[in-house]
Amino acid sequence: MSIKVLVVDDSSFFRRRVSEIINADPMLEVVGTASNGKEAIEQVRRLRPQVVTMDIEMPQMNGIEAVREIMRTNPVPVLMFSSLTYEGARSTLEALEAGAADFLPKRFEDIANDRANAIALLQQRVKAIASRRSLSASRPTPAPAPRSTSTAARSVTQPSTQFSSARPAARSSASEVGAPRLPTRPSGKGYKLLAIGTSTGGPVALQKILTQLPADFPLPIVLVQHMPAAFTPAFAQRLDSLCKISVKEAQGGEMLKPGCAYLAPGGKQMLIDGSNRAAKLTIRDGGEQLNYKPSVDVTFGSAARIYSGDVLGVILTGMGADGREGCRMLKREGAHIWAQDEASCVVYGMPQAVAAEQISMYSIPLDKMADCILKEVGRR
């Protein structure tokens, strides 16, 4: 049975173009279109699609308002189309917080190196967000008031792009990868770094976790979110305005400090250099041979070299398997690895990749992740 898709955009040309691409995949079927947010809400109610593709800027009702109303009345996974500008990034992040599952750039030439890869990626994204089991994982949570290496193992073979383009790992039952379980008590292990990697669904997941950390959080934090270069400055600023800890887009040469989170810049690779007593960040070009820019494998691999086993590594929701090899390197040094559980993931790809090979110790629901981290590092 094909996945039913609703295409929403005020441009008839773009609606037709997206519809042709979606209908070219035998697993997908466009069941309707809409030219604005109000039409989209009515079509979702009437047609019951399994996925909606949504533009942000539209007359009568924009995409953000439409997503918010759809999530309130008839929740369905929404894939946003966005411009790669600072304002486009801010609007997209707002749409994700409103409940959208994922986003892609509206200009197809910004998605991948060639048209065929761009088409495949759009089809993959639609299928990936349609397969998620729990819509509640993507619903927004109230935001708190704002405050006044060397290269690791390469990613799996997929079309080279700065966006997460790998297909989600095949689902398996909990019994196949080990029953999900929560840590019952702190391990007593000493840590010098918290490292978090994520992709699809990551912006909302990161916000949920980081806003619960206190200003005096005892570790530096490195964040790797698959995201284009135009988006990471706005995302870092947004997180910084909401969190008690400091959050910034990483720059080369910075010394890692406790209570500060460093977001890998889009289109680049973030590595940790120096020593475990004086660790600093190095930012390098993305590298044509690597599929992900930034790559969780690269950052986590460099953390293993500098910090050895004194790392708590966390893999959150995301497509593909980026982070598996970096986590394997960390675990080999004695680090502890945690994964987000399947039920709370937008896409259970990256967490499953580490759980299926028994690299991760626990599969933890998103709403319990921050509390578990705080207990593990002695802050609860």
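Bear in mind the structure is a predicted one, so any value in this text is a computation, not a measurement.

Caption draft 1: Broad picture of the nonpolar core. Formed by 63 residues in total, the largest nonpolar core has its most connected members in Met 54, Phe 217 and Ile 221. Every residue in contact with Ile 221, bar those within four places of it in the chain, is listed here: Leu 193, Leu 194, Ile 196, Leu 210, Leu 213, Ile 245, Cys 260, Ala 261 and Tyr 262. Ranked by size, the runner-up nonpolar core spans 29 residues in total, among them Ala 250, Leu 281, Val 311 and Cys 327.

Caption draft 2: Here's a closer look at helix H10 (residues 324–332). Within H10 the residues assigned to the buried category are Gly 326, Cys 327 and Leu 330. For H10, the arc enclosing every buried residue in end-on projection is 100°, short of the 170-degree limit, so these residues lie on one face. If you follow the buried residues of H10, they end up packed against helix H9 (296–307), strand E12 (311–315), strand E13 (336–340) and helix H11 (350–356).

Caption draft 3: Quick look at the packing of helix H7 (residues 202–210) against helix H8 (residues 232–242). At a minimum axis separation of 10 Å, H7 and H8 run at an interaxial angle of 25°. Taken together, H7 and H8 sit at an angle that is classed as roughly parallel. Once H7 is placed against H8, the crossing between them reads as right-handed. Of the residues in H8, those touching H7 at Pro 203, Leu 206, Gln 207 and Leu 210 are Phe 235, Arg 238, Leu 239 and Leu 242. Along the lines of polarity and charge, the residues of the contact of H7 with H8 split into 6 nonpolar, 1 polar and 1 charged.

Caption draft 4: Looking closely at unusual backbone geometry. Residue Lys 293 is joined to Pro 294 through a cis peptide bond whose omega torsion reads 10°. Checked against the element boundaries, Pro 294 lands in the loop between strand E11 (279–285) and H9. We note that Gln 60 has phi near 70°; this positive angle belongs to a residue other than glycine. Summarising the element assignment, Gln 60 is placed in the loop between strand E3 (51–55) and helix H3 (63–73). Judged by relative accessible area, which is 62%, Gln 60 ranks as exposed. Even without a glycine there, the phi angle at Gln 358 is positive, about 55°.

Caption draft 5: Representation of the sheet that holds strand E9 (residues 260–263) within the structure. Ordered in space as E8-E9-E7-E6-E12-E13-E14, the 7 strands form an open sheet in which the pairing is parallel. Two strands in the sheet have a free side with no partner beyond their single neighbour: strand E8 (246–249) and strand E14 (362–364). Looking at each pair of strands side by side, their axes are set apart by 20° on average, direction ignored. For E8 and E9, the ladder comprises 4 bridges, and the chain directions are parallel. In the sheet register, Lys 248 faces E9, and the bridge partner there is Tyr 262. Lying on the sheet, H8 is in contact with strand E7 (221–225), E8 and E9; it crosses E8 at an angle near 175°.

Caption draft 6: Here's a closer look at the side chain of Ser 91. Counting through the fold element by element, Ser 91 comes out in helix H4 (residues 86–98). Residues contacting Ser 91, with those up to four places away along its chain left out, are Ile 56, Glu 57 and Ile 64.

Caption draft 7: Molecular detail of the confidence of the model for the protein chain. Mean pLDDT over the protein chain: 87, with 86% of residues reaching 70 or higher. Across residues 133–177, where pLDDT falls below 50, the model places 138 contacts with residues more than four positions away in sequence or in other chains.

Caption draft 8: Layout of the sheet that holds strand E1 (residues 3–8). Pairing in this open sheet of 5 strands is parallel, and the strands run E2-E1-E3-E4-E5 from one edge to the other. Edge positions in the sheet fall to strand E2 (28–34) and strand E5 (102–105), since each has one partner strand and no second. Across the sheet, the axes of successive neighbouring strands diverge by a mean angle of 25°, strand direction being ignored. Sheet analysis places strand E4 (residues 78–82) next to E5, joined by 4 bridges and oriented parallel. Counterpart to Ser 82 in the pairing with E5 is Pro 105. The sheet contacts of helix H1 (residues 12–23) involve E1, E2, E3 and E4, and relative to E2 the element is tilted by about 165°.

Caption draft 9: Representation of the packing of aromatic side chains. All chains considered together, the criterion is met by 3 aromatic pairs. Summarising the aromatic geometry, the rings of Phe 14 and Phe 81 are spaced 5.1 Å apart at their centres and angled 85° between planes, so their arrangement reads as edge-to-face. Taken together, the residues Phe 14 in helix H1 and Phe 81 in strand E4 connect sequence positions 67 residues apart. Take Phe 81: its relative accessible area is 2%, and that puts it in the buried class. Centre to centre, the rings of Phe 103 and Phe 231 are 4.8 Å apart; their planes meet at 15°, and the pair counts as stacked. The pair Phe 103 / Phe 231 is uniform in exposure class, with both members buried. Above the face of the Phe 14 ring, Lys 106 is positioned so that its terminal group lies 4.9 Å from the ring centre.

Criteria and thresholds
Residues numbered from 1 in each chain as written. Predicted model: local features only at pLDDT ≥ 70, side-chain atom pairs only at ≥ 80, totals over all residues. Heavy atoms only, no water. Core = buried A, V, L, I, M, F, W, Y, C linked by side-chain atoms within 4.5 Å. Buried < 20%, exposed > 50% of the residue type's maximum accessible area, 1.4 Å probe, protein only. Contact = heavy atoms within 4.5 Å. Helix = DSSP H or I, 4+ residues; strand = E, 2+ residues; numbered from the N terminus. Arc of directions from axis to C-beta. Axes fitted to C-alpha atoms, helices over the stretch in contact; angles between N-to-C directions. Parallel < 35°, antiparallel > 145°, perpendicular 65-115°, else oblique. Left-handed = near helix turned anticlockwise from the far one by under 90°. Nonpolar A, V, L, I, M, F, W, Y, C, P; charged D, E, K, R; others polar. Pairing = 2+ DSSP bridges. pLDDT = per-residue confidence, 0-100. Phe/Tyr/Trp six-rings, centres within 6.5 Å; stacked < 30°, edge-to-face > 60°. Lys NZ or Arg CZ within 6 Å of the ring centre and 35° of its normal.

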